[in-house]
Amino acid sequence: MSDTTQGLRIQSGSQAWRAAIELLSSMRFAISLLTVICIASVIGTVLKQHEPAVNYVNQFGPFWAELFGAIQLNAVYSAWWFLLILAFLVISTSLCIARNTPKILVDLKAYKENIREQSLKAFHHKAEATLPDSAEAEARRIGTLLAGGGWKVRLQQRDTSAGPGTGWMVAAKAGAANKLGYIAAHSAIVLVCVGGLLDGDLVVRAQMLLGGKSVYTGGGLIADVKPEHRLSERNPTFRGNLLVAEGTQSSTAILNQSDGVLLQDLPFAIELKKFIVEHYSTGMPKLFASEIIIHDKATGEKTPARVEVNHPASYKGIEIYQSSFDDGGSLLKLRAVPMVAGARGFDVEGVVGNSTQLVNNGGGAGADTLTLEFTALRTINVENFADAGASGSDVDVRKVDLRESLESRLGAANKTVTKKELRNVGPSVTYKLRDAAGQAREFHNYMLPVDTGDGVAVFLLGVRETPSEPFRYLRIPADEQGGMDGFLRMKAALADAPTREEAVRRYVAQAIDSSRPDLADQLYQSALRALSLFAGQGMVDGKPTGGLQAVSDFMEANVPEAERARAGEVLVRILNGTLFEVAQLSRQRAGQPPLPQDEQTRAFMTQAVLSLSDAQIYPAPLAFELKDFTQVQASVFQVARAPGKNIVYLGCALLILGIFAMLYVRERRIWVWVAPQGDRTHATMALSTNRKTLDGDQEFVQLAQKLIGATPREGTA
């Protein structure tokens, strides 16, 4: 705003006080603060804000996560140092405006008509000419021409320095808005920062510091939270989140703080009548809206409203925005699927967001207590089954690529998909199993069987150890009724030793002629050994003892390397044959017809063998299959009282006007000294502009020819 970066200099007070005022009001200090704010804003944009602490630990490690928390880089815009810098920027810029505005206003009023003739000859733009009429007549003519061109003109009559007589100084100016642009732009910075402080956490932090309010770090019901953690309905500024399930209402918003939350009581309650969501073919929501009723606490008045993204509702100065949506406590019906020998299936019901206690009745696992936590229900899962190698663009827009997940799933059931399509594979449930020590695994199971491209519909049972990992999927083939029962019966039969022996006898009877009992006995022993190895003995030292891996380990230990390929082929045929008989026995005992010898059965058995092998390393005694659900939607609103919003809008308008004035309006001043010279009149003309441009040069040429009829010459300033 001035030609110097020095600040306001005062004459009174101590040396430290005068130095502090000079520093605060200096342009260099304001620019430094603005630079720090820009850097902090970049950090706040790149680094995700207000994420759970564990997310920062997983992504950056414990050291950097702790550092981010200590200096509040995970909540930059509400950090105390960020607000303090904003406050100092307001003070510094305000002092800068106070120091320079009087000078600018005085300069705007001044025509500087007292400039000397010799000074005009030192200007870059200057011209001289001889005029025919008297000095007064020429001065008034020039003044009239300038006024007609939009210039503000002042005439001054004074004695000439070159001799007797009276000369006239014509002083004119234009483009005063240029300097007003400086005031507008700097005032805009103050207004935007003040609006940011009002709508930020400054008022809330002031209440915490001076009003005895403190953050709440516990759990439980909102109604049980004490008053010292609540903000009054008269709180002048706040911004919080409000979750309302369908058919319920809420009147308390949550204000997230770096170390906890504050509760904001609202003067009204929001009731969610209906939540509406529409999806694109990719599964991404294209519209979500809420039909709400606003209940006024003071009058009891009910006001219906509709809230959509970018179309908020407003009530009593509080804006209600559609922020997101969530599960509002959907009812789930699950069936426990035994994954280890001795475990028993059962039905369980729950509500998303709640949990229930289970007794681990898995064989060999003792009677440890498990906690089943119902995490999420998704009714639509549009997954990408495209071949990622064929086109880099065939990726699910939600970055949930089931094919990629399946490529890293458990065991040998790794098969690629070549079909190019996006399909809705139906509902899924997410839950956690937490042991007595508090350790939990997360599971994600699909309700319906999915054909991943190999012609066999499979149930997908996902598991991961930590939230930072992708899900790994166990694939269980669906039987002819579209359920898991066929596979589960086969798995239970495989775990039963007498059933394995009977299956081996049946296989040997079909494979060997009854006239060769010696070969039959050898095949019986080999087949029983292979089937027993595949069935395994559960987990020993945390490692599976069955499945295809156990068979492979046995061959490496007992078969010479040169004979392994041939022996492996024979062993796989024997294993497939005995497992087919196990499946037939399980169906016979369940009163089911035998499996036909067709392509569909072969595909089922191929996947069943792989799944039986993979199930050996499934990390839980039970898997839970989603049988039925009743969805309850919830809407997440952002409620805000933002008195600084209009101030920010005014600041933005001033900033636009100020920048436009500084960039596109040129301040120009013209002086024409007209003095008698013998029987004629001599004119000396000069122009001053705040920026040297080609337009300025051309304008001076035109003005010189128009006003005094001269061709200007340029010099050095």
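Above this note sits the structure.
Report on the accompanying structure. Please read all numbers here as calculations on a predicted model, not as lab measurements.

### Things to note about the overall build of the chain
Stage number 1. Broken down by element type, the chain carries 18 helices and 29 strands.
Stage number 2. Taking all 717 residues of the chain together, 44% fall into the buried category.
Stage number 3. In the chain, the share of contacts with a sequence separation of at least 24, taken over all contacts with a separation of at least 6, comes to 63%.
Stage number 4. When the accessible surface of the chain is totalled, it reaches about 36400 Å², and 55% of it is carbon and sulfur.

### Overview of the environment of Pro 619
Stage number 1. Within the secondary structure layout, Pro 619 lies in the loop between α16 (599–614) and β25 (622–630).
Stage number 2. The sequence separation of Pro 619 and Met 339 amounts to 280 residues, and the corresponding C-alpha distance is 9.0 Å.
Stage number 3. Excluding anything up to four places from it in sequence, Pro 619 contacts Arg 441 and Val 463.

### Considering the pattern of salt bridges
Stage number 1. Across all of its chains, the model carries 27 salt bridges by this definition.
Stage number 2. Between Glu 136 and Arg 140 there is a salt bridge whose closest N-O contact spans 3.3 Å. Here Arg 140 and Glu 136 lie together in helix α7 (residues 135–148), a separation of 4 residues that amounts to about one turn.
Stage number 3. Residue Arg 140 is classed as partly exposed on the basis of its relative accessible area, which comes to 43%.
Stage number 4. Arg 306 is the salt-bridge partner of Glu 291, the closest N and O atoms lying 2.5 Å from each other. One end of the pair, Glu 291, is in strand β8 (residues 285–296); the other, Arg 306, is in strand β9 (residues 302–308), and 15 residues separate them in sequence.
Stage number 5. A relative accessible area of 26% places Glu 291 in the partly exposed class.
Stage number 6. Take Arg 306: its relative accessible area is 35%, and that puts it in the partly exposed class.
Stage number 7. Overlapping salt bridges bring together Asp 107, Lys 112, Lys 179, Glu 667 and Arg 669 as one network.

### Observations regarding the sheet that holds strand β12 (residues 331–338)
Stage number 1. Within the open sheet, the 3 strands sit side by side as β13-β12-β25. Their pairing is antiparallel. Pairing within the sheet leaves two strands with one partner each, and these edge strands are β13 (347–351) and β25. The mean angle between the axes of side-by-side strands here comes to 30°, regardless of whether they run parallel or antiparallel.

### Overview of the nonpolar core
Stage number 1. Formed by 67 residues in total, the largest nonpolar core has its most connected members in Tyr 431, Leu 579, Tyr 618 and Phe 624.
Stage number 2. Of the residues forming this core, the biggest block, 9 residues, is contributed by helix α13 (residues 517–535).
Stage number 3. Contacts of Leu 579, omitting those with residues within four sequence positions, involve Met 490, Leu 494, Leu 531, Phe 534, Met 605, Val 609 and Leu 612.
Stage number 4. Within the second largest apolar cluster, 25 residues are counted, among which are Phe 238, Leu 242, Val 244 and Phe 268.

### Things to note about the packing of α13 against helix α15 (residues 564–589)
Stage number 1. Where α13 contacts α15, the axes come no closer than 9 Å and their chain directions differ by 75°. Relative to α15, α13 is oriented roughly perpendicular. Along the contact surface, α13 presents Leu 523, Ala 527, Ala 530, Leu 531 and Phe 534, while α15 presents Leu 571, Ile 574, Leu 575, Thr 578, Leu 579 and Val 582.
Stage number 2. Looking at side-chain class alone, the contact of α13 with α15 contains 10 nonpolar, 1 polar and no charged residues.

Reading the values: the criteria
Residues numbered from 1 in each chain as written. Predicted model: local features only at pLDDT ≥ 70, side-chain atom pairs only at ≥ 80, totals over all residues. Heavy atoms only, no water. Helix = DSSP H or I, 4+ residues; strand = E, 2+ residues; numbered from the N terminus. Buried < 20%, exposed > 50% of the residue type's maximum accessible area, 1.4 Å probe, protein only. Contact = heavy atoms within 4.5 Å. Areas by Shrake-Rupley, 256 points an atom, 1.4 Å probe, with all protein chains shown as cover. Salt bridge = Lys/Arg side-chain N within 4 Å of Asp/Glu carboxyl O. Pairing = 2+ DSSP bridges. Axes fitted to C-alpha atoms, helices over the stretch in contact; angles between N-to-C directions. Core = buried A, V, L, I, M, F, W, Y, C linked by side-chain atoms within 4.5 Å. Parallel < 35°, antiparallel > 145°, perpendicular 65-115°, else oblique. Nonpolar A, V, L, I, M, F, W, Y, C, P; charged D, E, K, R; others polar.

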